[in-house]
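# Examination of the molecular architecture
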Amino acid sequence: MKITKAVLENLIKESKALEKAIAGEELTYDDGIELMSYDNLYALGAVADLVRTRQVGNRVTFAASYYLNYTNVCAASCQMCAFYRKGNESDAYTLSAKDIEARVGKAKEMGATEVHIVGGFHPDLPLEYYEDMFRAIKQSHPEMHVKALTAAEIFFLSKLTKNSVKEVLTRLKAAGLDSMPGGGAELFHPEIRNKIVRGKCSGQEWLDTIEQAHNLGIKSNATMLFGHIEKPEHIVDHLIKLREVQKRTKGFLTFIPLKFSLENTELEQEKLVTNESPSTYDLRVIAVSRLLLARQLDNISVYWVALGKKLAQVALTYGGNDLVGTAFSEEIYKAAGKGTNSSILELANMIKEIGREAAQRDTFFNIIKTF
Ligand code: SF4
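Residues numbered from 1 in each chain as written. Predicted model: local features only at pLDDT ≥ 70, side-chain atom pairs only at ≥ 80, totals over all residues. Heavy atoms only, no water.

## A few points about unusual backbone geometry
If a residue is not glycine, its phi is most likely negative; likewise, a peptide bond is most likely trans. Within the chain, R295 stands out as a residue other than glycine whose phi angle is a positive 85 degrees. Residue position: R295 is located in the loop between helix 13 (279-293) and strand 8 (301-303). Exposure remark for R295: the relative accessible area of 53% places this residue in the exposed category. With a phi close to 70 degrees, F365 is a non-glycine residue in the positive phi region. Position of F365 among the secondary structure elements: in the loop between strand 10 (357-361) and strand 11 (367-370). Residue class for F365 comes out buried when judged on its relative accessible area of 17%. (Helix = DSSP H or I, 4+ residues; strand = E, 2+ residues; numbered from the N terminus. Buried < 20%, exposed > 50% of the residue type's maximum accessible area, 1.4 Å probe, protein only.)

This is the structure we're talking about:
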């Protein structure tokens, strides 16, 4: 989006929050609320795009990730989830360390540089299962980056195995855990969280767990599930809470707003959500994320799997600078009706089509190759 200063100034008049964003000031909670209902979406997007350009330039990155779900058996039963099984269904599964190691080998052949491993809260798997999994991967594929287990899974494991969060993280790090994905955050505010998750840690427990991981030198991503029953204040609350952790730890690598996928979820079956969010709302959330997190976090990732490729391209002009991910295999969104495979060249072309420079990155945003 190219826009002159004069046109922009005209567009943003009457918005103190946008003026502050252009001046490079930190936005407050009230600013966030203002922007969530600011009527000129185009101006909001233009300012988010301007701030993105200042922070990270014109490049759009992506990682070659292999998504691996080690089990769909889960002790929780979240209303927003289409993935979990209770264990006795014909399609319930749990992969062995050997299965996982073999799949990672295939991922390496496909060009993946990181493996993204998440699963359900399996009630019977000991901590050794995860240690064995990471050791098996590292033994055969030492160069593969292991990005595994959300803060929610770590918290569950801590309760299940009666070890502290710190002990669980320390043992898993020693076994080969390199970083953590950002899932399980959903929305922190209890008013919403209690209606979309059942049996998962609280928002504060997620935040405390991730902060402990950062303090142990394990960096992570952060996510936010939007587009279901939330109101603007819940989005802003979530972003500010993440920003506070980031100020203390600098441990978040990127923020990934995740659009809620309706199909096959309890929220759909109970008719609590009847439609997925409109694209205008999705773009607003991405733009507000860029503006509220600016100064603390450079990277806002666009999850094209949930948005679709066309809207993902537009989202990259509303504050996004990274595409996640090259999902060679991804079961969770597939369970909720989204197709997920893409290749490295396809992603590079998506970026080049909108006139931006495409670059493959590693997990820590070091550039591996430009296109
Ligand atoms: S979202 Fe995660 S914790 Fe919740 S039911 Fe699904 S797999 Fe289990």
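From this point, things continue past the structure.
## A look at helix 3 (residues 29-37)
Looking only at helix 3, the buried set comprises D31, G32, L35 and M36. The buried side chains of helix 3 occupy one side of the element, clustering within an arc of 135 degrees when seen end-on. Turned more than 90 degrees from where helix 3 packs its buried face, D30 and S37 sit exposed. Close packing links the buried residues of helix 3 with helix 2 (16-23), helix 4 (41-56), helix 11 (232-249) and helix 13. (Arc of directions from axis to C-beta. Contact = heavy atoms within 4.5 Å.)

## Comments concerning the environment of N366
On the secondary structure map, N366 appears in the loop between strand 10 and strand 11. Apart from residues lying up to four places away in sequence, N366 is in contact with Q360 and R361.

## Describing the pairing of strand 10
Counting buried residues along strand 10, four of its five residues qualify, which places the element largely inside the surrounding structure. Examined bridge by bridge, strand 10 and strand 11 share three bridges and lie antiparallel to one another. Its bridge partner lying in strand 11, Q360 is registered against K369. Hairpin geometry of strand 10 and strand 11 is characterised by an intervening segment of five residues between the two adjacent antiparallel strands and by a positive phi of about 70 degrees at F365. (Pairing = 2+ DSSP bridges.)

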